[in-house]
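# Report on the structure
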Amino acid sequence: QVQLVESGGGSVQAGGSLRLSCAASGMTVSRSCMAWFRQAPGKEREAVANIDNAGGTTYANSVKGRFTISKDNAKNTLYLQMNSLKPEDTAMYYCAGKWCAVRQYTAWGQGTQVTVSS
């Protein structure tokens, strides 16, 4: 059974930093395509960052230069380092995973809340 469990969310002031973690079980992060998504109330869910099975990364334009996605294969854990946080980054953040060859993310975490105050 696949499980993804996020942690590390919280409340920070604008300009601050947080690191989100996603602990995976029942799947291997190193062999999967992984991503962080976020959704704010009244807004569409959006992909924030992606990392593939070769370590290649992509980012939403809104977070480029501020966020970094990474993984620790030994710990089977995905991370999102978030720096220079802005109020518009406030959202529920979700970890997701899939076989890289398929279209849809099939494994999802429960979410962790990030709140950035001005």
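This text gives an overview of the structure that appears in the document. For clarity, every value in this text was computed on a predicted model and none was experimentally measured. (Residues numbered from 1 in each chain as written. Predicted model: local features only at pLDDT ≥ 70, side-chain atom pairs only at ≥ 80, totals over all residues. Heavy atoms only, no water.)

## So, the sheet that holds strand β3 (residues 18-25)
Ordered by their spatial adjacency, four strands build an open sheet running β1-β3-β8-β7, and the pairing between neighbours is antiparallel. Of all the strands in the sheet, the pair left with one neighbour each is β1 (3-7) and β7 (67-72). The sheet shows a mean angle of 15 degrees between the axes of neighbouring strands, direction not considered. Strand direction decides the pairing type here: β1 and β3, joined by five bridges, are antiparallel. Directly across from V5, in β3, lies its bridge partner A23. (Pairing = 2+ DSSP bridges. Helix = DSSP H or I, 4+ residues; strand = E, 2+ residues; numbered from the N terminus. Axes fitted to C-alpha atoms, helices over the stretch in contact; angles between N-to-C directions.)

## A few points about the pairing of strand β5 (residues 46-51)
Strand direction decides the pairing type here: strand β4 (residues 33-39) and β5, joined by five bridges, are antiparallel. Following the sheet pairing, F37 is matched in β5 by A47. The turn linking β4 back onto β5 is made up of six residues, and G42 within it adopts a positive phi angle of 80 degrees. Relative to strand β6 (residues 57-59), β5 runs antiparallel, the two sharing three bridges. Bridging from a neighbouring strand, A49 pairs with Y59 of β6. Connecting β5 to the next strand, β6, in antiparallel fashion are five residues, including G55 with a positive phi near 90 degrees.

## A look at the pairing of β3
Two elements, β3 and strand β8 (residues 77-82), share six bridges in a ladder whose sense is antiparallel. Directly across from C22, in β8, lies its bridge partner L78.

## Some words on the state of the cysteines
The tally for this structure, following the rule as stated, stands at two disulfides. C22 shares a disulfide with C95; S-S distance 2.0 Å. Of note, the bridge from C22 to C95 carries an S-S torsion of about -75 degrees and is left-handed in sense. With a gap of 73 residues between them, C22 in strand β3 and C95 in strand β9 (residues 91-98) connect regions that are remote in the sequence. (Disulfide = S-S within 2.5 Å.)

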